[in-house]
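Here is how the chains run, residue by residue.
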Amino acid sequence: MEEKVLMKGNEALAEGAIRAGCRHYFGYPITPQTEIAAYMSRRMPHVGGIFLQAESEIAAVNMVLGAASAGVRAMTSSSSPGISLKSEGISYLAGSDLPCVIVNIQRAGPGLGGIQPSQADYYLATKSPGHGDLHMLVFAPSTVQEMADLISHAFNKADEYRVPAMILGDGMLGQMMEPVILPAEREVKTSKPWAANGHQNKRPHNIINSLFLEADILENRILDRYKRYAVIEHNETRAENFMTDDAKILIIAYGASARIAKSALTAARKEGIAAGLLRPITLWPFPVKEINAAAENARDILTVELSMGQMVTDVKLAVQGRRPVHFFGRTGGMMPTPEDVLEEIRKIERNGSI
Amino acid sequence: MSTSGILFAGFGGQGLLFSGKILATAGLIENREVSWLPSYGPEMRGGTANCSVRLSDEPIGSPIVSKPDILVAMNIPSYHKFISEVVPGGIVVTDSSLVKAHTDRMDIKRFEVEATKISQDEGLDGISNMILVGKLVKESGIISFNTLEKAVHKCVGEKKVHLLEYNIKAIKLGMSL
Amino acid sequence: MKVVYEKTSALTDQTLSYCPGCTHGVIHKLIGETLVELDVLGRTVGIAPVGCSVLAYNFFNVDMVQAPHGRGPAVATGLARSLPDGVIFTYQGDGDLAAIGTAETVHAAARGENIVIIFINNAIYGMTGGQMAPTTMPGQMTQTSPYGRDTATAGYPVRVCEMLATLDGVAYAERVAANTVPNIRRAKAAIKRAFENQVARRGFSIVEVLAICPTNWGMTPIDSISWLTEHMIPYYPLGVYKDKHAENTGGGGV
């Protein structure tokens, strides 16, 4: 087994991508994800890969579109303002059924916002990553280890379903160091007979395309894609349960806020408050069943986010009014302390359901 | 104490991040849970900067150390910003060549080390941070010297032998004070 | 019966979607013939733009990718960096290349990407129904310059080859026109030279083809040819703006 090393989340993710067979990275600098680009620029030349610093986030995602069309594992990374720019490309990638990975190490918005950690791109990632009817797989790591592991999983699932996948991290996970066991290097042998890589005069020409001028044809394409989305929703949902079995107060949080929530609920348990955490690892597909199962014995639900409340709408939709759903969040790059979250837990414990 | 939160605070360029990395690496070598988190952004370019390190026997939730058990303050703004946040019974190590300030707090253990001056006198320019690391390790006992030495080897790299010796000398010096 | 002329095997049997009199078809043929002559059909990937030639992916008998508006050179970059043996070309109109895709064009050129760009300059947006393009002539009437392009408010047309020729990454830049038989033959030679450059991995090549748009210019094809000759060529002079290989080997341009 590989030894544990101390690594920044951004760098662990980059190394994880390389070990998952990614040899094509196209990026553009933006805090707090720039270490990914810097790491790739150092490593790619040694593994026969391509690092290219594009002229913009728009160009970078379109380079990914080209590389993914050719059939290789390609990725780009950015932070919130850059992801807005990538929306166009993401829509085309989805509409062209191209697998790839896009990393968003979120910072606070709107606009240029700030550079401190945020989770305010939840809607952007899960609801409206680009124009049109589409979904993108969205994975939310909450440790440096998961930054390294989920990127490989994201590439595998993107290839399996021919969809773009996103790693939705945040500035805290990107910047922090933690011990990590890097995943083993794996050889990738995904067959991509649809790729535009030259027909070698041996097959009809392949076309990578999202344009269908006849409405009925386009509708059928979308319906077919949604059948695939349904399979994804059925098979690929992931969540972590932490002390949920007897939890009366069920916290739902992902990524950085899940870490803080874990500390808070551990402290709450010491005070005799039965709190638990359901941590979505996939944000799309959203763990609706898992939340309902964990909420079965809970009295209250508390959603904790680094935003004004985005995932909380999905939590409410999931439980459909069967449980009161409370929200606690900080935004603008502010991080709640475990004590802040503990205080919210205590309040809910004291007041009971409203 | 199952969890220690250590905060290095000062100016960018004083080796705060590296000091933190040495401690975190030492924690890793002792197979403890560790985290390291820098403040990032404009601070990198000379403003106040800090680095949070946690060593713990339990999984670490927040890597942000807002209420440090151990504070290493390397400039006055950082000292003032964090001195009131140190937990009762906590340890504060300051570079008294740079931080000349007093506190009314009687519930903390404060150690003043003229790290910058000593480093200049001893030919250890630029690594006053390691003298402070030595002192904090001596006073807190959070990590053994042996582990610390191994961590320095890991972080500096075996190739840079002279830097290795300098760093270890500075730590030993700090531990002797 | 003796076969004296055959459609190039580089084009599919799909009926072209272009208007009567349009020069896209001729230029498609020149590209197709070139790919066959260089025997690279099997390793070529073409990139269709957004514009009248968006459906080019149906017409070329090579693997094709349809790119977002203006992003052809970025998509081509991704393909070229993934297919070391590939022959990659984009086919782009003036709005696609010189307006929304200016950054992608300039930086692919600056990087010296090993791609070919075939740039169709007909001084108008065709597919959306005839709006002002970055290359629309001063005084030219379009749907969005109904009183004629006023340079005081709408600025001046962009000369792409001249601009790109200043970049060290560009191996080859030539402007040709699809207005007369001799010029079409010259266009073919330029396109072939561009693809030869790519096969030899000499870097970025662009061939700008001045073309007509009878439908949106509101003219007959014959009048359109005359208008191109009289109005466009004086503003967009034909010729080789850069040919690194010829400079290096002491040979002349076309």
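This is a predicted model, so every value here is computed, not measured.

Draft legend 1. Fine view of the overall build of chain A. Secondary structure summary: chain A contains 12 helices and 15 strands in total. By the compact-globule yardstick of 20 Å for 354 residues, chain A fits well, its C-alpha radius of gyration being 21 Å. Along the three orthogonal principal directions, the C-alpha set of chain A runs to about 75 × 50 × 40 Å. Across the 354 residues of chain A, 61% fall into the buried class. Sequence separation of 24 or more characterises 80% of the internal contacts of chain A that already satisfy a separation of 6 or more. The averaged location of the 39 negative side-chain charges in chain A is 2 Å from the averaged location of its 37 positive side-chain charges.

Draft legend 2. Local environment of the overall build of chain B. When its secondary structure is counted, chain B shows 6 helices and 6 strands. Counted from the first residue to the last, chain B has its helices and strands arranged as β-α-β-β-β-α-β-β-α-α-α-α. Taken over C-alpha atoms, the radius of gyration comes to 15 Å for chain B, in line with the 16 Å a tight globule of 177 residues would show. Each of the three principal axes of chain B carries a C-alpha extent, and together these read 45 × 40 × 35 Å. Taking all 177 residues of chain B together, 54% fall into the buried category. Intrachain contacts of chain B at a sequence separation of at least 6 include 56% that bridge at least 24 residues. Total accessible area computed for chain B in this model is approximately 7,600 Å², and 54% of it derives from carbon and sulfur atoms. The distance from the centre of the 19 positive side-chain charges to the centre of the 19 negative ones in chain B is 3 Å.

Draft legend 3. Structural context of the arrangement of the chains. Interchain contacts are distributed over 2 pairs of chains, and the most extensive set of them lies between chains A and C. Kept free of each other, chain B and chain C leave a smallest C-alpha distance of 28 Å between them.

Draft legend 4. The packing of helix 3 (residues 57-70) of chain A against helix 4 (residues 80-95) of chain A, seen in detail. Residues and elements named next belong to chain A. Orientation of helix 3 relative to helix 4, taken along the N-to-C sense of each, is 25 degrees, at an axis distance of 8 Å. Accordingly, the angle class assigned to the pair helix 3 and helix 4 is roughly parallel. Crossing angle aside, the handedness with which helix 3 passes helix 4 is right-handed. Seen from helix 3, the contacting residues are E57, I58, A60, V61, N62 and L65; seen from helix 4, they are G82, L85, K86, E88, G89, I90, Y92 and L93. Its residues assigned to classes, the contact of helix 3 with helix 4 shows 8 nonpolar, 3 polar and 3 charged.

Draft legend 5. Fine view of the interface of chain C and chain A. On the chain A side, the residues contacting the 35 residues of chain C number 35 residues. Regarding the contact of chain C and chain A, the summed buried area is about 2,500 Å², with carbon and sulfur atoms giving 59% of it. Joining chain C to chain A, the criterion identifies 3 salt bridges. Salt-bridge contacts for R71 of chain C lead to E88 of chain A; the nearest nitrogen and oxygen are separated by 2.9 Å. Seen at the junction of chain C and chain A, the total is 17 residue pairs in polar contact (both at pLDDT 80 or more). For the side of chain C that touches chain A, the secondary-structure elements that each account for two or more residues are strand 1 (44-48), helix 2 (56-59), strand 2 (63-66), helix 3 (72-82) and helix 5 (102-110) of chain C.

Draft legend 6. Seen up close, the nonpolar core. Residues M75 and I345 of chain A are the most contacted members of the largest nonpolar core, which totals 141 residues. Looking at which domains feed residues into this core, each of domain 1 (4-235) and domain 2 (241-351) of chain A gives three or more. Not counting chain neighbours up to four residues away, the residues in contact with I345 of chain A comprise I249, I251, A264, L265, A268, I273, A275 and L302 of chain A. Core analysis: the next-biggest nonpolar cluster, separate from the first, contains 44 residues, F8, C51, V72 and V152 of chain B among them.

Draft legend 7. Representation of the environment of G12 of chain B. In this structure, G12 of chain B sits in the loop between strand 1 (3-11) and helix 1 (16-29). Measuring from C-alpha to C-alpha, the distance between G12 of chain B and E33 of chain B comes to 26 Å, with 21 residues separating the pair along the chain.

Draft legend 8. Broad picture of the confidence of the model for chain B. Per-residue confidence for chain B gives a mean pLDDT of 92; residues scoring 70 or more make up 95%. Among the prediction metrics, the complex's ipTM stands at 0.95, with pTM recorded as 0.95.

Draft legend 9. Representation of the interface of chain A and chain B within the structure. The interface is formed by 23 residues belonging to chain A together with 20 residues belonging to chain B. Carbon and sulfur atoms make up 67% of the area that chain A and chain B hide from each other, which totals about 1,700 Å². Between E3 of chain A and K154 of chain B there is a salt bridge, with the nearest N and O atoms lying 3.7 Å from each other. Remark: the boundary between chain A and chain B carries 4 residue pairs in polar contact (both at pLDDT 80 or more). Elements with a contribution of two residues or more to the side of chain A that touches chain B: strand 1 (4-8), helix 7 (171-175), strand 8 (177-181) and helix 9 (255-270) of chain A. The element contributing the most residues to the side of chain A that touches chain B is strand 1 of chain A, with 4 residues. In the side of chain A that touches chain B, the residues fall into 12 nonpolar, 6 polar and 5 charged.

Draft legend 10. Focus on the sheet that holds strand 9 (residues 207-208) of chain A. With respect to topology, 8 strands assemble into an open sheet ordered 9(A)-2(C)-1(C)-3(C)-4(C)-6(C)-5(C)-7(C), the strand pairing being mixed. On the outer flanks of this sheet lie strand 9 of chain A together with strand 7 (239-243) of chain C, each paired with one strand and no other. Taken together, the 2 bridges between strand 9 of chain A and strand 2 of chain C define a ladder with parallel strand orientation. Among the inter-strand pairings, I207 of chain A is bridged to a residue of strand 2 of chain C, identified as M64 of chain C. Its contacts with the sheet place helix 3 of chain C against strand 1, strand 2, strand 3 (87-93) and strand 4 (116-121) of chain C, and it is angled at close to 175 degrees to strand 3 of chain C.

Draft legend 11. Up close: unusual backbone geometry. Residue and element names in this part refer to chain A. P32 follows T31 through a cis peptide bond whose omega is 5 degrees. Inspection of the secondary structure puts P32 in the loop between strand 2 (24-27) and helix 2 (34-43). Looking along the chain, the bond that leaves W284 and enters P285 is cis, with omega of 0 degrees. Residue position: P285 is located in the loop between strand 13 (282-284) and helix 10 (288-295). In the Ramachandran plot, R162 falls in the positive-phi region, its phi being about 55 degrees despite a non-glycine side chain. Looking at the secondary structure, you find R162 in the loop between helix 6 (144-161) and strand 7 (164-170).

Draft legend 12. A look at the pairing of strand 1 of chain C. Residue and element names in this part refer to chain C. Summarising burial for strand 1: 5 of the 5 residues are buried, a large majority. Of the two faces of strand 1, the one holding T44, G46 and A48 and the one holding V45 and I47 are both buried throughout. Strand direction decides the pairing type here: strand 1 and strand 3, joined by 4 bridges, are parallel. From the neighbouring strand, T44 faces strand 3, where its bridge partner is V87. Of the pairings in the sheet, the one linking strand 1 to strand 2 comprises 4 bridges and is parallel in character. The residue bridging G46 from the neighbouring strand is M64, located in strand 2.

Calculation notes
Residues numbered from 1 in each chain as written. Chains lettered and ligands numbered in written order. Predicted model: local features only at pLDDT ≥ 70, side-chain atom pairs only at ≥ 80, totals over all residues. Heavy atoms only, no water. Helix = DSSP H or I, 4+ residues; strand = E, 2+ residues; numbered from the N terminus. Rg over C-alpha atoms; globule rule 2.2 N^0.38 Å. Buried < 20%, exposed > 50% of the residue type's maximum accessible area, 1.4 Å probe, protein only. Contact = heavy atoms within 4.5 Å. Lys, Arg positive; Asp, Glu negative; His and termini not counted. Charge placed at Lys NZ, Arg CZ, Asp CG, Glu CD. Areas by Shrake-Rupley, 256 points an atom, 1.4 Å probe, with all protein chains shown as cover. Axes fitted to C-alpha atoms, helices over the stretch in contact; angles between N-to-C directions. Parallel < 35°, antiparallel > 145°, perpendicular 65-115°, else oblique. Left-handed = near helix turned anticlockwise from the far one by under 90°. Nonpolar A, V, L, I, M, F, W, Y, C, P; charged D, E, K, R; others polar. Buried area = accessible area lost by both parts, 1.4 Å probe. Salt bridge = Lys/Arg side-chain N within 4 Å of Asp/Glu carboxyl O. Polar contact = N/O pair within 3.5 Å; in protein donor to acceptor, adjacent residues only side chain to side chain. Core = buried A, V, L, I, M, F, W, Y, C linked by side-chain atoms within 4.5 Å. Domains from an automatic or database assignment. pLDDT = per-residue confidence, 0-100. Pairing = 2+ DSSP bridges.

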